[in-house]
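Given next are the chains, with one letter for each unit.
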Amino acid sequence: MKYKINTITKLVYNVANYLVEEKDYTSTYNKIRLLTKEVWNIHHNELLNELRKLDNSTADYQLFWLECLSWPSKSPYLKGLDGMPLFFPYSSLPSDFNGFSFHDSTIDSISVNDPREVVLHIKLDSWDYQKAELTFYNVGSCFYQTEEGTIIENLVHIQDFCILSDGEVPNISFALKHLKISQVGTITDKRLFYFSGSESSNTYGSIYIFAENWNIETM
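The structure presented is a predicted model; accordingly, all values stated were derived computationally and were not measured.

Tell me about the overall build of the chain, and please be specific about residues and values.
Across its full length, the chain carries four helices and nine strands. When burial is assessed residue by residue, the chain has 46% of its 219 residues classed as buried. Summed over its atoms, the accessible surface of the chain is roughly 11500 Å², and 49% of this surface lies on carbon and sulfur atoms.

Account for the packing of helix α1 (residues 2-16) against helix α2 (residues 25-52), with residues named and values stated.
It is at 8 Å that the axes of α1 and α2 come closest, and there the two elements cross at 125 degrees. The angle between α1 and α2 falls in the class oblique. When you trace α1 past α2, the crossing you get is left-handed. Its residues placed into classes, the contact of α1 with α2 shows 12 nonpolar, six polar and five charged.

Tell me about the packing of aromatic side chains, and please be specific about residues and values.
Considering all chains together, one arrives at 16 aromatic pairs under this definition. Between Tyr13 and Tyr61, the ring centres sit 6.0 Å apart and the planes meet at 15 degrees, which makes this aromatic pair stacked. Linking Tyr13 in helix α1 with Tyr61 in helix α3 (residues 61-70), this pair joins segments that are 48 residues apart in sequence. Aromatic pair Phe143 and Tyr208: ring centres 5.7 Å apart, planes at 50 degrees, arrangement tilted. In this pair, Phe143 is assigned in strand β4 (residues 141-146) and Tyr208 in strand β8 (residues 204-211), connecting sequence segments 65 residues apart. You can call Phe143 buried: its relative accessible area is 3%. Residue Tyr208 is classed as buried on the basis of its relative accessible area, which comes to 7%.

Tell me about the side chain of Asn98, and please be specific about residues and values.
As for its position among the elements, Asn98 is in the loop between α3 and β1 (106-114). Residue classification places Asn98 among the buried positions, given a relative accessible area of 17%. Among the polar contacts listed, one links the side chain of Asn98 to the backbone nitrogen of Glu168, at a separation of 2.7 Å.

So, the packing of α1 against α3: which residues are in play, and what are the values?
Interaxial distance between α1 and α3 falls to 10 Å at its minimum, and their mutual angle equals 90 degrees. For the element pair α1 / α3, the angle class is roughly perpendicular. Counted together, Ile8, Val12, Tyr13, Val15 and Ala16 of α1 and Tyr61, Phe64, Trp65 and Cys68 of α3 form the full contact between these two elements. Residue composition of the contact of α1 with α3, grouped by class: nine nonpolar, no polar and no charged.

Definitions and cut-offs
- Going along each chain's sequence as written, the residues are numbered from 1 onward.
- A pLDDT threshold of at least 70 governs which residues receive local features in this predicted model, and a stricter bar of 80 or more applies before side-chain atom pairs are shown or counted, although totals over entire chains, interfaces and linings include all residues.
- Hydrogens and water molecules were not included; the side-chain quantities draw on all heavy atoms of the structure.
- Secondary structure follows DSSP: runs of H or I at least 4 residues long count as helices, runs of E at least 2 residues long count as strands, and numbering of each begins at the N terminus.
- Think of it in three bands: with a 1.4 Å probe and only protein chains considered, a residue is buried below 20% of the maximum accessible area for its type, exposed above 50%, and partly exposed in between.
- Calculation of accessible area relied on Shrake-Rupley with a 1.4 Å probe; when residues are assessed, cover is drawn exclusively from the protein chains displayed.
- Helix axes use the C-alpha atoms of the stretch in contact, all axes being lines fitted to C-alpha atoms, and the angles between their N-to-C directions lie in the range 0 to 180 degrees.
- Roughly parallel refers to an angle under 35 degrees, roughly antiparallel to one over 145, roughly perpendicular to one between 65 and 115, and oblique to any angle outside these ranges.
- For a crossing to be left-handed, the near helix must be turned anticlockwise from the far one by less than a right angle; the clockwise case is right-handed.
- Residues were grouped as follows: Ala, Val, Leu, Ile, Met, Phe, Trp, Tyr, Cys and Pro as nonpolar; Asp, Glu, Lys and Arg as charged; and all remaining residues, including Gly, as polar.
- Classification of ring pairs rests on two measures: the distance between centres of Phe, Tyr or Trp rings, Trp counted by its six-membered ring, which must be within 6.5 Å, and the angle between planes, read as stacked under 30 degrees, edge-to-face over 60 and tilted in between.
- Within 3.5 Å is the distance limit for a polar contact, defined as a pair of N or O atoms, with the added protein rule that one can donate a hydrogen and the other accept it, and that residues adjacent in sequence qualify only through two side-chain atoms.
- We call two residues contacting when some pair of their heavy atoms lies within 4.5 Å.

Fair warning: the whole summary comes from geometry, so function is off the table for now.
Now the structure itself:
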């Protein structure tokens, strides 16, 4: 895995510093995606840490890497950006979670079995299954944030939440700029999952879960 992670960081560095020949951009982006897919689910922390080591006062290499995954074009333009909303399409991150979609499904309720295990009870918008239990393990933090920025930490009160977008976002500083997180230390090594949508009261917001892993059971 270390070789693959080192290869990713080298390729991202080459893209960011114009060290890739014109004819090789497409194959370079494709290789970054493929290797990221192979290492992400287990070794996401190691990858992000190695990318962070390349940072300097004018370059955020975690962000360069994300741009390489998202937009296969020469020299991604990153200057002047002040943050990306988490409802932005992050499906380009090739994680196991982003292989699913819960669009137009409904979170009936949320159970917190203990502070480190959260279960979403979902009514699926699917021809194949009616319901799902989506469990997150070793949770470092979870909360609901309204459009206005209000934080609600007790998720058990959320019911009939219609999911408009969902996915896994790389847990990088750029993605976290829109969140109000009180204890950063509990989430630094976690994966970040989100569900944006509306409750039955037509209030809009997003559920954010920082967890080590996840599992789904359909019925």
